[in-house]
Amino acid sequence: MFGHLTALPADPILSLLATYRIDQNPKKIDLGVGVYKNELGQTTVLDCVKAAEKHRFETEDSKIYIGSAGSEGFNDAMSKLIFGEHEVLAQNRARTISTPGGTGALRVAGEFLSTCKPGATIWVSDPTWANHYGLFTAAGLKVKTYPYYDHDNKSLKFDEMMAALAKVSKDDIVLLHACCHNPSGMDLNNEQWQKVVALTKENGFTPLIDMAYQGFGDGLEEDAYGVRLMAAHVDEMVLCSSCSKNFGLYRERIGACTIIGKDATATSIASTVLLSVVRCNYSMPPAHGAAVVETILGSNELRSQWYGELEIMRNRINDNRTLLVDSLIAQGVTRDFSFIAKQKGMFSFLGITPEQVQQLQDKYSVYMVGSSRMSIAGISTNNVEYLAQSIAKVL
Ligand code: LMR
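What counts and what doesn't
Residues numbered from 1 in each chain as written. Predicted model: local features only at pLDDT ≥ 70, side-chain atom pairs only at ≥ 80, totals over all residues. Heavy atoms only, no water. Helix = DSSP H or I, 4+ residues; strand = E, 2+ residues; numbered from the N terminus. Rg over C-alpha atoms; globule rule 2.2 N^0.38 Å. Contact = heavy atoms within 4.5 Å. Areas by Shrake-Rupley, 256 points an atom, 1.4 Å probe, with all protein chains shown as cover. Buried < 20%, exposed > 50% of the residue type's maximum accessible area, 1.4 Å probe, protein only. Pairing = 2+ DSSP bridges. Expected span 1.5 Å × (residues − 1). Arc of directions from axis to C-beta. Core = buried A, V, L, I, M, F, W, Y, C linked by side-chain atoms within 4.5 Å. Domains from an automatic or database assignment. Near = heavy atom within 4 Å. Polar contact = N/O pair within 3.5 Å; in protein donor to acceptor, adjacent residues only side chain to side chain. Nonpolar A, V, L, I, M, F, W, Y, C, P; charged D, E, K, R; others polar. Buried area = accessible area lost by both parts, 1.4 Å probe. Salt bridge = Lys/Arg side-chain N within 4 Å of Asp/Glu carboxyl O. Patch = residues over 30% accessible without salt bridge, like charges linked within 9 Å, V, L, I, M, F, W, Y side chains within 5 Å. Axes fitted to C-alpha atoms, helices over the stretch in contact; angles between N-to-C directions.

**Q** Could you clarify how one ought to interpret the overall build of the chain in this entry?
**A** The number of helices and strands found in the chain is 16 helices and 13 strands. In summary, the chain has a C-alpha radius of gyration of 21 Å against a globular reference of 21 Å for 395 residues, a match within 12%. For the chain, the C-alpha atoms occupy an extent of roughly 65 × 55 × 55 Å along the three principal directions. Of the contacts made within the chain by residues no fewer than 6 positions apart, 74% connect residues no fewer than 24 positions apart. Accessible area of the chain: about 17,800 Å², with a carbon and sulfur share of 53%.

**Q** Can you walk me through the pairing of strand β8 (residues 206-211) in this structure?
**A** Within a regular strand, the side chains alternate between the two sheet faces. Counting buried positions over the 6 residues of β8 gives 6, a clear majority of the element. On β8, burial covers both faces: T206, L208 and D210 on one face and P207, I209 and M211 on the other are all buried. Both strand β7 (residues 173-177) and β8 contribute to a ladder of 5 bridges, which runs parallel. Counterpart to L175 in the pairing with β8 is L208.

**Q** It is not clear to me how the environment of P147 should be interpreted in this structure. Could you clarify?
**A** In this fold, P147 is placed in strand β4 (residues 142-147). On a C-alpha basis, the gap between P147 and A164 in space is 7.3 Å, while along the polypeptide they are 17 residues apart. If near-sequence neighbours (up to four positions away) are discounted, P147 is found in contact with D126, K157, E160, M161 and A164.

**Q** Please explain helix α11 (residues 264-281) as it appears in this structure.
**A** The α-helix winds at 3.6 residues per turn, so residues separated by three or four positions along the chain end up facing the same way. In a regular helix each residue adds 1.5 Å, so 18 residues correspond to 26 Å; α11 covers 26 Å between its end C-alpha atoms and thus fits that length. Taken residue by residue, α11 has T267, S271, L274, V277 and V278 as its buried positions. In an axial view of α11, the angular spread of the buried residues amounts to 110 degrees, which keeps them on one side of the axis. Residues of α11 that are exposed and point more than 90 degrees away from the buried face comprise T265, I269, R279 and C280. Those residues of α11 that are buried are in contact with β2 (94-99), α5 (101-116) and β10 (255-260). One or two positions beyond α11, positive phi appears at S283, with a value near 70 degrees.

**Q** How should the nonpolar core be read in this particular structure?
**A** The tendency in soluble globular proteins is for nonpolar side chains to be buried as a group. In this structure, L208 and W306 are the most contacted members of the largest nonpolar core, which totals 127 residues. Considering every element that reaches this core, the biggest residue donor is helix α13 (residues 300-330), with 8 residues. Residue-level mapping places this core at the junction of two domains, with at least three residues from each of domain 1 (12-44 + 314-394) and domain 2 (65-298).

**Q** Explain the pairing of β2 here, please?
**A** Counting buried residues in β2 gives 5 out of 6 residues, a clear majority hidden from the surface. Here 6 bridges tie β2 to β10, and the two strands are oriented antiparallel to one another. Opposite R95, over in β10, you have I259 as the bridge partner.

**Q** Would you mind showing me how to read the site of the ligand here?
**A** As a matter of local geometry, the ligand sits amid I13, V33, G34, W129, N182, Y213, K245, F347 and R373. Backbone polar atom of G34 to an oxygen atom of the ligand: 2.7 Å apart, as the coordinates give it. Computed on the free molecule, the ligand has an accessible area of 260 Å², of which 81% lies beneath the protein chains in the complex. Looking at side-chain class alone, the shell around the ligand contains 5 nonpolar, 2 polar and 2 charged residues.

**Q** When you look at the domain arrangement of the chain in this model, what are you seeing that I'm missing?
**A** Many analyses report the size of an interface as the accessible area lost when the parts associate. Once the domains are mapped, the chain shows domain 1 (12-44 + 314-394) and domain 2 (65-298). Taken over C-alpha atoms, the centre of domain 1 sits 28 Å from the centre of domain 2. When domain 1 packs against domain 2, close to 1,700 Å² is buried across both sides, 61% of that on carbon and sulfur atoms. For K344, the salt bridge goes to D218, with nearest N and O atoms at 3.2 Å. One can count 8 residue pairs in polar contact (both at pLDDT 80 or more) joining domain 1 with domain 2.

**Q** It is not clear to me how a nonpolar patch on the surface should be interpreted in this structure. Could you clarify?
**A** A contiguous nonpolar surface patch, about 470 Å² in accessible area, is contributed by M1, F2 and L5. Relative to the helices and strands, M1 resides in the segment before α1 (14-22).

**Q** Can you walk me through the environment of S79 in this structure?
**A** Residue placement: S79 occurs in helix α3 (residues 72-83). Residue classification places S79 among the buried residues on the basis of a relative accessible area of 8%. Taking the C-alpha atoms as reference points, S79 and A198, separated by 119 residues in sequence, lie 23 Å from one another.

**Q** How should the sheet that holds strand β9 (residues 237-242) be read in this particular structure?
**A** Hydrogen bonds between backbone groups are what pair the strands of a sheet, and the pairing can be parallel or antiparallel. With respect to topology, 7 strands assemble into an open sheet ordered β2-β10-β9-β8-β7-β3-β4, the strand pairing being mixed. Looking along the sheet, the strands with just one partner apiece sit at the ends: β2 and β4. Within the sheet, the average angular offset between the axes of one strand and its neighbour, ignoring direction, is 25 degrees. Across the face of the sheet, α5 comes into contact with β2, β7, β8, β9 and β10 while running at roughly 160 degrees to β9.

Rendered as structure tokens:
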């Protein structure tokens, strides 16, 4: 059955982790996979998470099945976190379910949309998170791209993006990144969101918004601007969110998928299809991460502790952006990297060739994805000088 298979290339993002771990160079720097690191290069468990886990350990009294939608407490808390006091919640037009991470949410969303419209096309930004291609294809959708990031000018190709989306059929789906665009760090501003929402409404295609980094850009509310605006203006949309980054719950695999229908009845019918997709995949989502998030969001004390810890992560990433730009200048680099300080979230493209990326890895043990996408959280005051020196040498 499988003896004839040929090996597939390793995942471009995840394989870096393994290579980095076995590198013996004490100066090695990991700018690969998108995980938050503190100044010491550690990805520790948030204090609010530790407190919620302690509470759960002491109070959990059963491991009985929880159902395909996951915990209703988590689902309600996530809906409020994402949408705020939004009319779609009051109108009962939004249904959120727990999923195994943001990736699980995207896969479930893809299969749900593929059930709604078999063989439909999903338009993703060029570039987008590499795994979007594989998971939407596996879900039965055709994947096409719309222009997004201008590598030469380090800017958004907004006019080209709008021109491409203007031609998208009403039977298609358009994937948008809510904030902290992965991999470019180039986000739509509020005015651009307003234009995209107006075009979505006019054309009638279905928006699918991927919000993996709420709170990592400008703040929890600010980062949800586009999502909330879209939800206020369209009849139908799908939203995928993740608690991997903002709660640091990476390996617990907890995210959420929300569908919004044109009225309460349509949403309720659609949610039976969504739940059937889940039942036929993994039956039910893991419970631990959801319980942790539910506990944090349900307690005033833990919630404000989380806000504080999230703010520290956000500010550190933003500070790292400026730190790298200044350090490159200090190393005598004349090429303009100031765009890095203007972009948002966990990633930016350094803008060097794949050969230069490979040299950084082979000669200096600096790890980033071949496209030169850097995970900015891996920079620190301890390693930035070595990083800037290494970049200067390969330029
Ligand atoms: C990333 O893009 O590095 C993260 O979203 C982790 C992943 O699963 O790829």
